[in-house]
Amino acid sequence: MTTTAALDAATLEKLVSAAVAAPSIHNTQPWRYRLDPDTMTVEVRAAWDRTLQHTDPEGRALHISVGAAVFNLRVAVAHFGWEPVVRLLPRPAEPGLLATVRLAGPRGHTGPAREAGLYDAIWRRHSSRFPFSEQQVPGDVLAEIAQAADAEGAHLSCPRPGENARILQLTEEAERFAVVDPDRGAESRSWVREDAADGMPGAALGPYDSSGHLPMRDFAALRPADRRPSAAFERHPVVAVLATAHDAPADWLRAGQALERALLVATAHQVRASLFSQAVEEPDVRWALRDPRGGHEHVQMLIRFGYGPEGPATPRRPVRDVLDTGGQPAP
């Protein structure tokens, strides 16, 4: 779209709907939005009541989730003709205010304007926890996906087979830790929900890998009656590593933006993706994910890419539930 739309209620709803379409851990959707009409700025705040206290005690995954939503908001703002101007953690005295996106249009035709081309992919992007085919993603497509993450200040790489196997072993180890932790198990099960506006419906969870090669997350957590069926997954999975140079809240927000840009570029190429976050949820295992050949970056997410079923969409909360329309933001 090349003309700037008026920021009426309908347009604001479309902007927030795009932001809400972002991925979040366990589909917790830990965000709130507020428009400052005087400055044409959308404030993006953390919904701390949606933090996973046992799985994500530091709020790192919450920040990554909000960062992904910020990127979608940027894309939507550009699509409707404005230049998105983003500030991360703009007011230190308000730790819940994680980002602002000012609508500073009209947008130009270079730089951030490239975000406008990803708008359609926002609505088609779904995590797919199902088996992928043995068809390999072309190197030039993986390179474009990696460049998308790099443009957001993160680094996305696809390790060699030996390192890939080590990463999968570490993920399996982290999954075992999570399964035997009763608090984390109960927390995960609480977000498996049917006919809700958030959480994970059973149809979206996908099967287990019958070979045990791919450590898919066990939301049942040692409850055999709740376990899903198994299926044969790809023998040579492509697992990419998303990392940042530093590990502060601003870096987590940048990682979320990099993650979502990479996922949208993958979606535009009909490449499916699913997120492996178990290993980055365990501090010791996360440290071990670093490249043993001298890598000093902080791993933020593991992403599996491939070709296969799209995966069912997970639900989203309606805009009215996440948009504060009064004069004061929600706490």
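Structure shown above.
Residues numbered from 1 in each chain as written. Predicted model: local features only at pLDDT ≥ 70, side-chain atom pairs only at ≥ 80, totals over all residues. Heavy atoms only, no water.

S.K.: Can you lay out the overall build of the protein for me, pointing to particular residues and giving the numbers?
M.R.: From N to C terminus, the protein includes 11 helices and 11 strands. In the protein, buried positions account for 56% of the 331 residues. Considering only intrachain contacts with a sequence separation of at least 6, the fraction spanning at least 24 residues in the protein is 76%. As presented, the protein carries roughly 14,300 Å² of accessible surface, and 53% of it is formed by carbon and sulfur atoms. Treating the 36 positive side-chain charges of the protein as one cloud and the 42 negative ones as another, the clouds have centres 2 Å apart. (Helix = DSSP H or I, 4+ residues; strand = E, 2+ residues; numbered from the N terminus. Buried < 20%, exposed > 50% of the residue type's maximum accessible area, 1.4 Å probe, protein only. Contact = heavy atoms within 4.5 Å. Areas by Shrake-Rupley, 256 points an atom, 1.4 Å probe, with all protein chains shown as cover. Lys, Arg positive; Asp, Glu negative; His and termini not counted. Charge placed at Lys NZ, Arg CZ, Asp CG, Glu CD.)

S.K.: So what about unusual backbone geometry? Which residues, and what values?
M.R.: Backbone geometry places His 26, a non-glycine residue, at a positive phi of 55°. Following the sequence through the fold, His 26 ends up in the loop between helix 1 (9-20) and strand 1 (31-36). Judged by its relative accessible area of 4%, His 26 falls in the buried class. Its identity is not glycine, yet Gln 270 carries a phi of approximately 65°, on the positive side.

S.K.: Can you explain helix 4 (residues 139-150)? Please cite residues and give values.
M.R.: Between its first and last C-alpha atoms helix 4 spans 16 Å; for 12 residues at 1.5 Å apiece the expected length is 16 Å, and the two agree. If you check which residues of helix 4 are buried, you get Val 141, Leu 142, Ile 145, Ala 146, Ala 148 and Ala 149. Seen end-on, helix 4 carries its buried residues on one side only, within an arc spanning 150°. The exposed set on the far side of helix 4, more than 90 degrees from its buried face, consists of Gly 139, Asp 140 and Gln 147. (Expected span 1.5 Å × (residues − 1). Arc of directions from axis to C-beta.)

S.K.: How would you sum up the environment of Ala 9? Please name residues and give values.
M.R.: For Ala 9, the location among the structural elements is in helix 1. Taking relative accessible area as the criterion, Ala 9 reaches 63% and is therefore assigned exposed.

S.K.: Provide a residue-level description of the nonpolar core, including the pertinent values.
M.R.: Proteins that are soluble and globular tend to have nonpolar side chains buried together. Tyr 33, Leu 156, Leu 242 and Phe 305 are the most contacted members of the largest nonpolar core, which totals 65 residues. Top contributing element to this core by residue count: helix 2 (residues 60-79), with 11 residues. With near-sequence residues (within four places) excluded, Tyr 33 lies in contact with Val 16, Ala 19, Val 20, Val 42, Glu 43, Val 44, Ala 69, Val 322, Leu 323 and Asp 324. Listed in part, the 16 residues of the second largest apolar core include Ile 167, Leu 168, Phe 276 and Leu 302. (Core = buried A, V, L, I, M, F, W, Y, C linked by side-chain atoms within 4.5 Å.)

S.K.: Give a description of the packing of aromatic side chains that names residues and reports values.
M.R.: One pass over the structure, following the stated rule, counts two aromatic pairs. Between Tyr 119 and Trp 123, the ring centres sit 5.7 Å apart and the planes meet at 80°, which makes this aromatic pair edge-to-face. On the criterion of helical spacing, the pair formed by Tyr 119 and Trp 123 is a turn pair, its members being four residues apart in helix 3 (residues 119-124). Feature note: the residues Phe 80, Tyr 119 and Trp 123 constitute an aromatic cluster, connected by ring pairs. Sitting over the ring of Phe 219, Arg 217 keeps its end group 5.9 Å from the ring centre. Positioned over the ring face of Trp 287 is Arg 290, at 3.9 Å from the centre of the ring. (Phe/Tyr/Trp six-rings, centres within 6.5 Å; stacked < 30°, edge-to-face > 60°. Lys NZ or Arg CZ within 6 Å of the ring centre and 35° of its normal.)

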